[in-house]
Amino acid sequence: MLTKDFYFDLPPELIAQTPARQRGEDRLLVMDRKTGAYEDAMMEDFPDFIEPGSLLVVNNSKVRKARVYGESETGGTVEFLFLEEHIDHTWKVMATKLKKQRKGKHYQFKSADGSACYHAVISEENPDDTRTLCFDEPLDESFFEKLGHVPLPPYIKREDDFSDEKRYQTVYAKEEGSVAAPTAGLHFTDEILARVKAKGCTITEVTLHVGPGTFLPVRTENLEDHKMHWERYEVSQQTSDLIAQAKAEGRKVVATGTTSVRTLESAYNPETGRVDVGWNRTNLFIKPGFTYHVVDQLLTNFHTPESTLLALVSAFSTKEHIFRAYQHAIDERYHFFSYGDAMFIK
């Protein structure tokens, strides 16, 4: 498959720069994954479309204020995205002006009021175009609270502000560790979730800490040549049991977002027919031809052209159905990407 086969022309004004006025006031395009038939709705209607008894799976990862500016030893400002802490308390990071950020280079990280100052050095240049930063002492979350910025994606052409600290976070976020929001979950309010439960549905959680594997663009000519970055995920015993019970009883498993999809399909064990329990890592790349074993329905956002996420939803239905629905969304002026509208593929 050629990457360019997953391109579509999106008017830039349809890329959402801010969230809806109130959480949950988003549009919802509902599509039948088998026939491709679609209809326009609102996110508040979502509980009307989910089947009674369904199991709704959400990703409870919490977005860290992981975008931090440092000053290099030569006086330049470098933006770092803190991806993951290693067991030795060093950090895997992405950085701007990457070729200039070499092993042995030192940086200072200062709070705006000057009350905190941290020192770090690049200890490794990694083959996946990341760097390893080593600090004088282990960091805690106060580092990110004092110095960090909400890591809004680059297609949002503004600086983060105070409102993003809440709106770029799901209402059920609890496990700190993502550098991008699991954005399908941004549409849920406590009221919508309560209405889902009122239909006899169960809500359960997984954790996948969103990293480059989710959001990095495809740079290869052939889609199959793209290499996914690894991301950490966890499935609890309770969630595994609930999925096994739902499958045995013929009830739908509804994934909230592509991160929940990749968690469940990565954890699926073909030998047992169950979802394995515990922490693990995945670089699963779901594209057309993939066989889904766990997920029956999917609530998701509208994704970027030529992306791994667009390939994933195309595999969940067909590329033709997805592209036809996307063209309808463009014609009807839906908003796209992280702060945009939602799509329910059932």
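Structure report, in brief. (Residues numbered from 1 in each chain as written. Predicted model: local features only at pLDDT ≥ 70, side-chain atom pairs only at ≥ 80, totals over all residues. Heavy atoms only, no water.)

**Notes on the overall build of the chain**
So, point 1. For the chain, the count of helices and strands is 9 helices and 19 strands.
So, point 2. For 346 residues, the compact-globule estimate of 2.2 N^0.38 gives 20 Å, and the C-alpha radius of gyration of the chain, at 20 Å, lies within 12% of that figure.
So, point 3. Considered along the principal axes of its C-alpha atoms, the chain spans approximately 60 × 45 × 40 Å.
So, point 4. Out of the 346 residues in the chain, the part that is buried amounts to 53%. (Helix = DSSP H or I, 4+ residues; strand = E, 2+ residues; numbered from the N terminus. Rg over C-alpha atoms; globule rule 2.2 N^0.38 Å. Buried < 20%, exposed > 50% of the residue type's maximum accessible area, 1.4 Å probe, protein only.)

**Regarding the sheet that holds strand β8 (residues 106-110)**
So, point 1. Spatially, the 6 strands close up into a barrel ordered β5-β6-β7-β10-β9-β8, and their pairing is antiparallel. Neighbour-to-neighbour, the strand axes of this sheet turn through a mean angle of 45 degrees, independent of strand direction.
So, point 2. Bridge analysis of strand β6 (residues 77-85) against strand β7 (residues 91-95) gives 5 bridges, and the strand direction is antiparallel. Considered in β7, the bridge of E84 is made with K92. (Pairing = 2+ DSSP bridges. Axes fitted to C-alpha atoms, helices over the stretch in contact; angles between N-to-C directions.)

**Focus on a negative patch on the surface**
So, point 1. Side chains of E39, D40, D331 and E332 sit close together on the surface and give a patch of like negative charge.
So, point 2. With respect to the helices and strands, E332 occurs in the loop between α9 (319-331) and β19 (342-345). (Patch = residues over 30% accessible without salt bridge, like charges linked within 9 Å, V, L, I, M, F, W, Y side chains within 5 Å. Areas by Shrake-Rupley, 256 points an atom, 1.4 Å probe, with all protein chains shown as cover. Salt bridge = Lys/Arg side-chain N within 4 Å of Asp/Glu carboxyl O. Lys, Arg positive; Asp, Glu negative; His and termini not counted. Charge placed at Lys NZ, Arg CZ, Asp CG, Glu CD.)

**Quick notes on the nonpolar core**
So, point 1. Counting 59 residues, the largest nonpolar core has Y168, I322, Y326, F336 and M343 as the members making the most contacts within it.
So, point 2. Counting 23 residues, the second largest nonpolar core, distinct from the first, contains L83, F109, A120 and F143. (Core = buried A, V, L, I, M, F, W, Y, C linked by side-chain atoms within 4.5 Å.)

**Considerations on the packing of aromatic side chains**
So, point 1. Summed over the entire model, instances satisfying the criterion amount to 27 aromatic pairs.
So, point 2. Consider the rings of F46 and F344, whose centres lie 5.0 Å apart with planes at 75 degrees: the pair is edge-to-face. On the criterion of sequence distance, the pair formed by F46 in helix α1 (residues 46-49) and F344 in strand β19 is long-range, its members being 298 residues apart. Pair check on accessibility: F46 and F344 agree, each one buried.
So, point 3. Taken together, a centroid distance of 5.1 Å and an interplanar angle of 85 degrees make the contact between F290 and Y292 edge-to-face.
So, point 4. Taken together, F80, F82, W91, Y107, F109, Y118, F135, F143 and F144 form an aromatic cluster joined through their ring pairs.
So, point 5. Between the NZ or CZ atom of R64 and the centre of the ring of F144, over which it lies, the distance is 5.0 Å.
So, point 6. Just above the ring of F323 sits the side chain of K319; from NZ or CZ to the centre is 4.4 Å. (Phe/Tyr/Trp six-rings, centres within 6.5 Å; stacked < 30°, edge-to-face > 60°. Lys NZ or Arg CZ within 6 Å of the ring centre and 35° of its normal.)

**Considering the pattern of salt bridges**
So, point 1. Tallying each qualifying case throughout the model produces 19 salt bridges.
So, point 2. Across the salt bridge formed by E231 and R262, the nearest N and O atoms sit 2.5 Å from each other. Within this pair, whereas E231 is found in strand β13 (residues 231-235), its partner R262 is found in helix α7 (residues 257-267), the two being separated by 31 residues in sequence. Judged on exposure class, the residue E231 and its partner R262 are both buried.
So, point 3. Three or more residues are tied together by salt bridges with common partners; here these are R67, E159 and D160.

**Regarding the side chain of R167**
So, point 1. Tracing the backbone shows R167 in helix α3 (residues 164-167).
So, point 2. In this structure, R167 is buried with no salt-bridge partner, the nearest side chain bearing the opposite charge being D26 at 5.8 Å.
So, point 3. Once residues lying within four places of it in the same chain are set aside, the contact partners of R167 are P19, A20, R21, Q22, R23, L186 and Y339. (Contact = heavy atoms within 4.5 Å.)

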